[in-house]
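Observations on chain architecture
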Amino acid sequence: MPIATRRRVAVLISGRGSNLRALLEAKQDDYEIALVISNRPGAGGIEIARAAGVETLTIDHKSYGKNREAFERAMDAALRERNIEIVALAGFMRVLTPYFVRAWEGKLINIHPSLLPKYPGVDTHARALAAGDVMHGCTVHLVVEEVDAGEFLGQARLAILPGDTPETLAARVLELEHSLYPPCLVRLAFSLR
Ligand code: GAR
């Protein structure tokens, strides 16, 4: 695909940004990461984006108090100003309101560290271990109003090993996330052509 038709992607983060790094390091033939927004000042992923020459913004949700929609309107305005076409959540730890989800319907994706529909929400690794699961993994999905629901763009799985802890499992799943997310973003970018 010619460079000019690459989809302009914004990545939303809250923390260290290892999935952002994976998206940046993948071959960006079909998408271009044009903006990274963090809702937390000092998020590690901001430095990763800067080092890659990508524009960054910090939009601190705390500045908006309890007004979640005002926070999201500020993000939405920044995204529209830059002609962003796809929004990829990568460790973005805020639940989005129906306003934002509807505004970006079909163009808003998330990576979640479990084999959805198992374990939406937090503490996915500990929950998989506590349930005695033998398989675990991660899912990339379209974002809908219900948390961690929405059509799957891809899923990757691994075996839970004897002696696994939430930490060892998290580390292995994270590696899997890094290989799952880029092709899923490509798939969405391609489907929007
Ligand atoms: C990843 O494991 C991601 O799946 C998870 O946060 C981590 C972010 O790591 N996301 C969620 O739990 C969202 N519900 P990263 O900042 O290194 O990409």
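Right, let's walk through the structure included here.

Counting its secondary structure elements, the chain contains six helices and seven strands. Element order for the chain, N to C, with α for helix and β for strand: β-α-β-α-β-α-β-α-β-α-β-β-α. In terms of overall size, the chain behaves like a compact globule, its C-alpha atoms giving a radius of gyration of 16 Å where 193 residues would be expected to give roughly 16 Å. Its C-alpha atoms give the chain principal-axis dimensions of roughly 50 × 45 × 30 Å. Looking at the chain alone, contacts between residues at least 24 apart form 62% of all its contacts between residues at least 6 apart. Only carbon and sulfur atoms are counted for the fraction: they give 54% of the accessible area of the chain, which is about 9300 Å². Each charge class in the chain can be summarised by its mean position, and for the 23 positive and 23 negative side chains these summaries are 2 Å apart.

The next subject is the environment of Ala 126. Tracing the chain through its elements places Ala 126 in helix α5 (residues 124-130). According to the relative accessible area criterion, Ala 126 is partly exposed, its value standing at 35%. Spatially, the C-alpha atoms of Ala 126 and Leu 169 are 8.7 Å apart, while their sequence positions differ by 43 residues.

Here the focus is the nonpolar core. If you look at the biggest cluster of nonpolar residues, it comprises 37 residues, and the most contacted ones within it are Val 11, Leu 20, Ile 33 and Ile 109. Looking at this core, the element that brings in the most residues is helix α6 (residues 166-191), giving nine residues. Residues Ala 10, Phe 92, Leu 96 and Leu 108 belong to the second largest nonpolar core, which totals 21 residues.

Across all of its chains, the model carries eleven salt bridges by this definition. The salt bridge involving Glu 69 is made with Arg 73; its shortest N-O contact spans 2.8 Å. One end of the pair is Glu 69 and the other is Arg 73, both in helix α3 (residues 68-81) and four residues apart, which spans about a single turn. Note on Glu 69: relative accessible area 33%, which makes it partly exposed.

Another aspect to go through is α3. For α3, built from 14 residues, the straight-helix expectation of 20 Å at 1.5 Å per residue is met to within 8% by its first-to-last C-alpha distance of 20 Å. Among all positions of α3, only Phe 71, Glu 72, Met 75, Asp 76, Ala 78 and Leu 79 are buried. The buried residues of α3 occupy an angular sector of 160° when the element is viewed end-on, so they sit on one face. The inward-facing, buried residues of α3 abut β1 (7-13), β2 (31-38), β3 (55-58), β4 (86-89) and α4 (98-103). Just downstream of α3, Asn 83 is the residue with a positive phi angle, here 55°.

Definitions and cut-offs
- Residues numbered from 1 in each chain as written.
- Predicted model: local features only at pLDDT ≥ 70, side-chain atom pairs only at ≥ 80, totals over all residues.
- Heavy atoms only, no water.
- Helix = DSSP H or I, 4+ residues; strand = E, 2+ residues; numbered from the N terminus.
- Rg over C-alpha atoms; globule rule 2.2 N^0.38 Å.
- Contact = heavy atoms within 4.5 Å.
- Areas by Shrake-Rupley, 256 points an atom, 1.4 Å probe, with all protein chains shown as cover.
- Lys, Arg positive; Asp, Glu negative; His and termini not counted.
- Charge placed at Lys NZ, Arg CZ, Asp CG, Glu CD.
- Buried < 20%, exposed > 50% of the residue type's maximum accessible area, 1.4 Å probe, protein only.
- Core = buried A, V, L, I, M, F, W, Y, C linked by side-chain atoms within 4.5 Å.
- Salt bridge = Lys/Arg side-chain N within 4 Å of Asp/Glu carboxyl O.
- Expected span 1.5 Å × (residues − 1).
- Arc of directions from axis to C-beta.

These values are about where atoms sit, not about what they do.
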